[in-house]
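Here's the letter readout for the chains.
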Amino acid sequence: MAEAKHLKRETYCGELRQEHAGSAVTVYGWVNNMRELGGLTFIDLRDREGLLQVVVNESFPEPALLKRIGRETVLAVSGRVVKRAKPNPDLASGQVELLAERIEVLAASEVPPFLPESRGNVSEELRFKHRYLDLRSAALQRNFRLRSKVSLLARNFLDREGFLDIETPMLSNATPEGARDYLVPSRIYKGKFFALPQSPQQFKQLLMVSGFERYYQIVRCFRDEDLRADRQPEFTQIDVEMSFAEPDEMFAIMERLMRELFAARGFDVAAPFRRMPYAEAMARYGSDKPDLRIPFTIEDYTAEAAAWDSELIRTALANGAKVKGLAIPDGGSFSRKQLDEINETAKKLGGKGVIWMRRGDEGFKSSLKVSPAAIAALFAARNIDPGALLLLVADAEPQALAAAGRLREHLGRRFQDKDRLEFLWVTDFPLFFYNEEEKRLDSNHHPFTSPRPEDTALLESEPLAVKAIAYDLVLNGVELGGGSKRIHDIALQRRVFQLLNLPDKEIEERFGFFLRALAFGAPPHLGIALGFDRLMMLLLGEDSIREIIAFPKTTSSLCLLTGSPSSVSQRQLDDLGIAIKK
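The present account deals with the structure reproduced in this document. Because the structure is predicted, anything quoted here is derived from the model rather than measured.

1. Some details on the pairing of strand E19 (residues 440-443)
Pairing between strand E18 (residues 432-435) and E19: four bridges, direction antiparallel. Counted as the bridge partner of tyrosine 434 is leucine 441 from E19. The turn joining E18 and E19, which pair antiparallel and follow one another in sequence, is formed by four residues; a positive phi near 55° is taken by lysine 439.

2. Describing the sheet that holds strand E5 (residues 96-107)
Strands sit in the order E1-E2-E3-E5-E4 around a closed barrel of five strands; the barrel is mixed. Averaged over all adjacent pairs, the angle separating strand axes in this sheet is 55°, with direction ignored. As defined by bridge partners, strand E1 (residues 24-37) adjoins strand E4 (residues 74-83) across seven bridges and the pair is classed as antiparallel. Bridging across to E4, glycine 29 finds its partner in leucine 75.

3. Re the pattern of salt bridges
Going through the model one piece at a time under the given rule, you end up with 48 salt bridges. The shortest N-O distance in the salt bridge between arginine 382 and glutamate 299 comes to 3.8 Å. Residue arginine 382 is located in the loop between helix H10 (372-381) and strand E16 (389-395), and its partner glutamate 299 is located in strand E12 (residues 298-300); the two are separated by 83 residues in the primary sequence. On the basis of relative accessible area, arginine 382 is assigned to the partly exposed category, the value being 27%. Its salt-bridge partner being arginine 495, residue glutamate 460 comes within 2.8 Å of it at the nearest N-O pair. With glutamate 460 in the loop between E19 and strand E20 (470-475) and arginine 495 in helix H12 (residues 490-499), this residue pair connects regions lying 35 residues apart in the sequence.

4. Overview of the layout of surface pockets
For the second largest pocket, the calculated volume is near 1,000 Å³. Broken down by element, the lining of the second largest pocket gets its largest block of residues, four residues, from helix H14 (residues 532-540). Its residues placed into classes, the lining of the second largest pocket shows 11 nonpolar, six polar and 14 charged.

5. Examining empty space enclosed by the protein
Counted under the stated rule, the structure contains two cavities of 30 Å³ or more. Computed from the structure, the second largest cavity encloses a volume of approximately 50 Å³. Lining the second largest cavity we find Phe128, Arg131, Phe551, Pro552, Cys559, Leu560 and Leu561. The residue makeup of the lining of the second largest cavity, split by class, is six nonpolar, no polar and one charged.

6. Points about the nonpolar core
Buried together is how nonpolar side chains tend to be arranged in soluble globular proteins. The biggest cluster of nonpolar side chains holds 42 residues, and the ones touching the most others in it are Val240, Met254, Met258, Phe423, Leu535 and Met536. If you look at the next biggest cluster of nonpolar residues, it comprises 32 residues, including Leu459, Phe511, Leu515 and Leu518.

7. As for the sheet that holds strand E11 (residues 274-277)
If you trace the eight strands from one edge of the open sheet to the other, you get E6-E9-E10-E22-E21-E20-E17-E11, paired in mixed fashion. Two strands bound the open sheet, and with one partner strand each, they are strand E6 (164-165) and E11. Across two bridges, E6 lies against strand E9 (residues 214-222) in parallel orientation. For aspartate 165, the partnering residue across the bridge sits in E9 and is tyrosine 216. Sheet contacts for helix H6 (residues 278-285): E11 and strand E17 (423-427); angle to E11, the most-contacted strand, approximately 85°. Sitting on the sheet, H14 is in contact with strand E10 (234-243), E20, strand E21 (478-485) and strand E22 (525-531), with an inclination near 140° to E21.

8. Examining the environment of leucine 146
Inspection of the secondary structure assignment puts leucine 146 in helix H3 (residues 138-160). Separated by 352 residues in the primary sequence, leucine 146 and glutamine 498 place their C-alpha atoms 46 Å from one another. When near neighbours in sequence (up to four residues on either side) are disregarded, leucine 146 contacts Ala264, Arg265, Met536, Leu539 and Leu540.

9. Some thoughts on the packing of H3 against H14
Contact geometry of H3 with H14 gives a least axis separation of 11 Å together with a crossing angle of 120°. Compared by their axis directions, H3 and H14 come out oblique. Considering how the two elements wind past one another, H3 and H14 form a crossing that is right-handed. Here Arg142, Asn143, Leu146, Arg147, Val150 and Ser151 of H3 come into contact with H14, specifically with Phe532, Asp533, Leu535, Met536, Leu539 and Leu540. Residue classes in the contact of H3 with H14 are distributed as seven nonpolar, two polar and three charged.

Rules behind the numbers
Residues numbered from 1 in each chain as written. Predicted model: local features only at pLDDT ≥ 70, side-chain atom pairs only at ≥ 80, totals over all residues. Heavy atoms only, no water. Pairing = 2+ DSSP bridges. Helix = DSSP H or I, 4+ residues; strand = E, 2+ residues; numbered from the N terminus. Axes fitted to C-alpha atoms, helices over the stretch in contact; angles between N-to-C directions. Salt bridge = Lys/Arg side-chain N within 4 Å of Asp/Glu carboxyl O. Buried < 20%, exposed > 50% of the residue type's maximum accessible area, 1.4 Å probe, protein only. 1 Å grid on protein atoms, 1.4 Å probe; cavity = no way out; pocket = protein on both sides within 12 Å on 5 of 7 lines; lining within 4 Å. Points joined across faces, edges and corners; volume = space filled by probe spheres on them. Nonpolar A, V, L, I, M, F, W, Y, C, P; charged D, E, K, R; others polar. Core = buried A, V, L, I, M, F, W, Y, C linked by side-chain atoms within 4.5 Å. Contact = heavy atoms within 4.5 Å. Parallel < 35°, antiparallel > 145°, perpendicular 65-115°, else oblique. Left-handed = near helix turned anticlockwise from the far one by under 90°.

Below, the structure written as C-alpha cells:
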C-alpha cells in the first residue's frame with residue numbers, strides 16, 4: 001500500500017466549485033458510494049467538507065486497482081477538475097467533478113456493519129458500538145462543527161465581558177450536590193478517595209475570594225445518576241461566577257450570550273427574557289421548567305367543583321384535595337378511545353386519572369356524573385371556549401399540580417410551534433425542601449445558596465418558607481442551567497449547615513477549608529452553570545444530547561464502544577487496598 005506522503009492533499013472534496021474547473025488537485029476521503037456506468041466508474045468521495053464525484057475513465061492507468069476499492073475505503077485521488085455535464089444541485093460541489101489520473105488506497109475497509117448515511121435505520125446499540133462509523137454521517141459532522149463554533153463563540157463573548165478562563169481540579173473532595181459522586185481511590189492514601197466534580201462550585205467561589213472577580217470555564221462534570229435523554233454521567237457546562245454583582249446583571253450577560261450563540265444558527269433571540277417566580281410556575285404550569293409554547297395553563301376549579309353533586313368529588317375535597325384543570329383546544333377532535341387513553345396516560349404519569357368535560361352534539365358531557373347545566377355554567381363562568389376539552393385532576397395540591405403539569409406537557413406537543421424559542425428565568429426558589437426519605441431538610445440547589453435577606457429571620461422558625469436568591473434559565477421546557485447568589489458571610493453559612501443537620505465534625509472535614517476562606521474577606525458574588533450539551537441539543541433541534549456528544553454513554557451508563565465500565569486486575573485492586581464485595 002502506498003504511503004500518504006506520495007500525494008499531498010491540496011483541497012477538501014466539498015470545497016471544489018465551478019471556478020476550480022481546469023485545475024489539477026489532490027483530494028483525500030472515504031468512498032461514500034461507487035458505481036459503474038457505460039465504461040466509466042463513478043466514486044463519491046467524502047471528507048468532512050462534503051462529497052465530490054470522482055470519474056475514472058478508460059484512460060486510467062491502473063484499472064485493476066478499482067477492484068480493491070470498497071465502501072469506506074480511504075483514498076487519495078489526483079486529477080483535473082472538470083465541469084459536470086449534469087450538475088447535481090444537492091451537492092455544494094455539484095457543478096464539477098474530478099477526472100482521476102492517479103488513485104492511492106491509503107486504508108482499506110472491511111464491509112462495515114452499517115453505512116453512515118443509513119444510521120437512521122440502525123439500532124442505537126450498534127451505532128454506539130461503532131461510533132466512529134456513526135460520526136462519519138453528514139448529520140453528526142454538522143453537529144460537531146457547530147458545537148466547536150459555539151464553544152469558541154462562548155469563549156470569545158465571555159472574554160470580551162471581562163471573564164477569565166481558569167481551570168479547577170478534577171480530583172477533589174466529595175460535594176454536597178443532589179447526585180452521587182464518582183469516587184477515585186487513592187493508591188498512596190489507602191482507604192481515602194478523591195471525587196470527580198459534579199461542578200466546580202467551591203473552587204469557583206474560592207476564585208471570587210481570591211479577587212479574580214469574573215471567572216468562566218467550559219468544564220467537564222460528573223454525576224452518578226440515572227440517565228434520561230438530556231442527561232449523561234459526564235457532561236459539559238459553561239460555568240460562570242462574578243463578584244460585586246446582582247442577579248439582574250447576570251441575567252443581562254446571559255441573555256446577550258444566548259443571543260450570540262443562537263445567531264450562529266440564524267435565530268434572532270429577543271431580550272430581555274420573561275421572568276417568573278417559582279410559585280407561579282408551579283401554580284400555572286405544574287413545573288419549574290415550563291414550556292411556554294404550549295397555549296394553555298393550569299387553573300384551579302376547586303370552588304366550582306365543591307358545588308357539584310358528586311360523591312367522588314365531595315370525598316376528595318373532604319380529604320383536602322384540590323381540583324386542577326386544563327382547557328385543551330379543539331376538544332371535539334378527541335375520540336372516546338383517545339379520552340380513555342388520556343386517562344391511562346395520566347395514571348402512568350403519576351396521577352390518579354382525569355375527569356373530562358366537553359360539549360357534544362347533544363350538549364355537555366363528562367366522565368363524572370355532573371349535570372350538563374352545571375358543566376355549561378362552569379364553561380361560561382370561566383370563559384372557557386365551548387369547543388375545548390376540560391381535563392380535571394383531583395388530588396392533594398402538590399400532586400394535582402404535578403399530574404396536571406405532566407399531562408400539559410404530554411398533550412401540548414401537538415400545539416407547539418417547533419420554530420419558536422421561549423426563554424424564561426424562573427426565580428425565587430425555596431431555599432430548602434423536606435426530604436421525606438431521610439426526614440430532614442435538604443438544599444433545593446446547594447448549601448452555598450443565599451436566602452433572600454428579608455427571609456433570614458425565618459431560617460430557624462419557618463425554614464420551608466425561606467426563598468432563595470436562585471434562578472434557572474429555561475428554554476422550551478428544558479432547564480438550560482441554574483445559579484444563585486452565594487452566601488459570603490461565614491456566620492450565615494454556618495446557620496445553613498446547621499439547618500441541614502450536618503454535624504460539626506462533618507462540616508469541618510468537608511467544608512473547613514471553605515469556611516476558613518470566607519473568614520478572610522469574601523466579596524458578594526453569584527454565578528450560573530449552563531448545560532452546554534443541552535444547549536447544543538436545542539440549538540440543533542435534536543431530541544437527545546447523545547447526538548451532540550462524540551462518545552456518549554447509553555441510558556444504562558455503559559460505553560458500548562470501549563466496553564466500560566470494566567473489570568480491573570487483582571493487582572490493581574491490591575495496589576489500591578480495595579476488595580470487591582459481591
